[in-house]
Amino acid sequence: MRIILLGPPGSGKGTQGDLLGEHYGFPRISTGDLLRAEVGAGTPVGLEAKKAMDSGGLVDDDVVNEMIRRRIGRNDCGKGYILDGFPRTVPQAEQLNAINSKREEVVADIRVADERLVERLSARRVCSCGAVFHAINRRPQIEDVCDACGGRLIRRGDDSPEVIRERLRVYHELTEPLIVFYRQKGNYFSVNGEADVQTVFAAIRSKLKDWILEN
Ligand code: AMP
């Protein structure tokens, strides 16, 4: 089984992906995290990707497709996996199918209005350990300090107002067409992502029950 989390930046794909991952025992695979790791390690892929990431654009399809091909070939994906932030274009979705068309697939689209996304992303603070906080809704116990590891919280460079606007523009232009793509495939559903985290999680799980048998 593969669960694809669709939805604009800031819609909660990472948070919901982690909860779903724990629930079903599947790894969450985020192309954003994979790319940030490449940037952090200063690899040639990272150096190339950084330009697009800093400006709010998309990294080349070929680069992310290859990254995903390698990642989903690993052992921990045997039972299933959750994709967060991939595919982001129709060619990426076609390539995913080409890599592995046999895998059962369901697409959960987390919908949030643009105004809410700008508020959320501007207030988002992240830790290098992967924990995510929100300066208004999910404040850390000590300001700017990670509750999980004590690390220093920062605002992601691409969570600045101009870059957020560009990421949303790119989402509407290049990623939103995937809604029609997957609707036509018949494996798509959407949930209201503006509710609180547990309500959104319950809504996704309830719809996933049509696809995934639970013990
Ligand atoms: P995210 O953490 O999902 O918000 O991704 C951060 C940035 O990484 C995006 O704004 C893109 O520049 C890049 N990125 C992540 N996933 C993809 C993808 N599937 N295709 C192209 N670029 C991506």
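Above this text is the structure in question.
Please read these numbers as outputs of a predicted model, since none were measured by experiment.

> Lay out the site of the ligand with the relevant residues and their values.
Around the ligand, a shell composed of 16 residues is seen, among which T31, R36, G57, G85 and Q92 lie nearest. Between the ligand and V59, the relevant distance is 3.1 Å, taken from a nitrogen atom to a main-chain nitrogen or oxygen of the residue. With four residues, helix α2 (residues 31-41) is the largest single contributor of residues to the shell around the ligand.

> Outline the sheet that holds strand β1 (residues 2-6), supporting the account with residue identities and numerical values.
Taken together, five strands build an open sheet; the order of strands is β2-β3-β1-β4-β7 and the sheet is parallel. The sheet is open, and its two edges are formed by β2 (28-30) and β7 (188-192), each paired on a single side. Taking each pair of neighbouring strands and ignoring which way they run, the sheet shows an average axis angle of 25 degrees.

> Describe in detail the nonpolar core, supporting the description with residues and values.
I29, L35, I68, I72, L83, L96 and Y182 are the most contacted members of the largest nonpolar core, which totals 25 residues. Elements supplying a minimum of two residues to this core: β1, α3 (44-55), α4 (61-72), β3 (81-84), α5 (90-99) and α8 (177-185). Apart from residues no more than four positions distant in its own chain, L83 is found in contact with R2, I3, I4, L5, I29, I68, I72 and L96. Membership of the second largest hydrophobic core comes to 17 residues, among which are M1, L5, A108 and L208.

Calculation rules
Residues numbered from 1 in each chain as written. Predicted model: local features only at pLDDT ≥ 70, side-chain atom pairs only at ≥ 80, totals over all residues. Heavy atoms only, no water. Near = heavy atom within 4 Å. Polar contact = N/O pair within 3.5 Å; in protein donor to acceptor, adjacent residues only side chain to side chain. Helix = DSSP H or I, 4+ residues; strand = E, 2+ residues; numbered from the N terminus. Pairing = 2+ DSSP bridges. Axes fitted to C-alpha atoms, helices over the stretch in contact; angles between N-to-C directions. Core = buried A, V, L, I, M, F, W, Y, C linked by side-chain atoms within 4.5 Å. Buried < 20%, exposed > 50% of the residue type's maximum accessible area, 1.4 Å probe, protein only. Contact = heavy atoms within 4.5 Å.

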